[in-house]
Amino acid sequence: MTEPQPRWLTDSEQDAWYAWRRMFPLVNAGIARDLTHDSGLSEADYDVLSVLGSTEGHRMRISALAVLMQWSRSRLSHQLTRMEQRGIVRREEVATDGRGAEVVLTDLGVTTITTAAPLHVESVRRHLIDILTPEQLHTLAEVGELLRERMGIARKNDA
């Protein structure tokens with residue numbers, strides 16, 4: 001019995017793979033640098049704050065947040081502890097369910113994300129959005145949605 005032969009990448013597939021491998025870390029590093037410089041936040045801080053900042057009541061079940069962010073409960077717990085120590089989030093028991101807990105933005109957390117967001121958006125524009133044509137942005141969005149769906153990852157609104 002013969003082993004299946006590997007399906008090597010064609011030149012154009014190799015170009016796409018190489019572009020993906022280089023694009024994501026380069027864009028992310030530039031945005032992360034700006035975020036730390038502009039607001040003193042880490043990417044993880046901003047991710048948590050931006051999700052909570054866009055939810056009803058600025059709160060979410062910790063378990064749902066972990067699923068949405070594709071983080072382990074342990075990683076999220078450590079991140080929330082660091083953020084609690086800075087006074088930008090707090091954990092609360094869910095009143096209707098003694099087993100569940102929510103994370104809530106504090107007033108300082110709301111101020112922090114409100115102040116950081118415009119600077120962050122400008123950085124995203126500078127490092128990605130304004131470089132691409134509208135057609136390229138549309139294609140990028142389509143590819144991202146296809147991959148998200150294929151991997152079974154919920155959107156924020158679906159979680």
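Residues numbered from 1 in each chain as written. Predicted model: local features only at pLDDT ≥ 70, side-chain atom pairs only at ≥ 80, totals over all residues. Heavy atoms only, no water.

**Overview of the pairing of strand β3 (residues 97–105)**
At step 1: Here three bridges tie strand β1 (residues 59–61) to β3, and the two strands are oriented antiparallel to one another. Residue pairing for β3: R61 is matched across the bridge by E102.
At step 2: Pairing analysis gives six bridges linking strand β2 (residues 89–94) to β3, with the strands arranged antiparallel. By the bridge assignment, E92 is partnered in β3 with E102.
At step 3: Taken together, β2 and the strand that follows it, β3, pair antiparallel across an intervening segment of two residues. (Pairing = 2+ DSSP bridges. Helix = DSSP H or I, 4+ residues; strand = E, 2+ residues; numbered from the N terminus.)

**Re the nonpolar core**
At step 1: Residues V48, L49, L65, L76 and V89 are the most contacted members of the largest nonpolar core, which totals 24 residues.
At step 2: By residue number, the principal contributor to this core is helix α2 (residues 43–53), which donates six residues.
At step 3: Not counting the four nearest positions on each side in its chain, V89 is found in contact with L49, L52, L80, M83, E84, V103, V104, L105 and T106. (Core = buried A, V, L, I, M, F, W, Y, C linked by side-chain atoms within 4.5 Å. Buried < 20%, exposed > 50% of the residue type's maximum accessible area, 1.4 Å probe, protein only. Contact = heavy atoms within 4.5 Å.)

**Describing unusual backbone geometry**
Leave glycine aside and you will find that most residues have negative phi; peptide bonds, for their part, are mostly trans.
At step 1: Unlike most non-glycine residues, H58 shows phi in positive territory, near 55 degrees.
At step 2: Owing to a relative accessible area of 28%, H58 belongs among the partly exposed residues under this scheme.
At step 3: A positive phi angle, close to 60 degrees, is found at Q70, a residue other than glycine.
At step 4: For Q70, the position within the fold is in the loop between α3 (62–69) and α4 (73–85).

**Some details on a nonpolar patch on the surface**
At step 1: A surface patch of nonpolar side chains, about 570 Å² in accessible area, is lined by L9, W17, W20, M23, F24 and L140.
At step 2: Sort the elements by how many residues they give to the nonpolar patch and helix α1 (residues 11–39) lands first, with four residues.
At step 3: Tracing the backbone shows L9 in the segment before α1. (Patch = residues over 30% accessible without salt bridge, like charges linked within 9 Å, V, L, I, M, F, W, Y side chains within 5 Å. Areas by Shrake-Rupley, 256 points an atom, 1.4 Å probe, with all protein chains shown as cover. Salt bridge = Lys/Arg side-chain N within 4 Å of Asp/Glu carboxyl O.)

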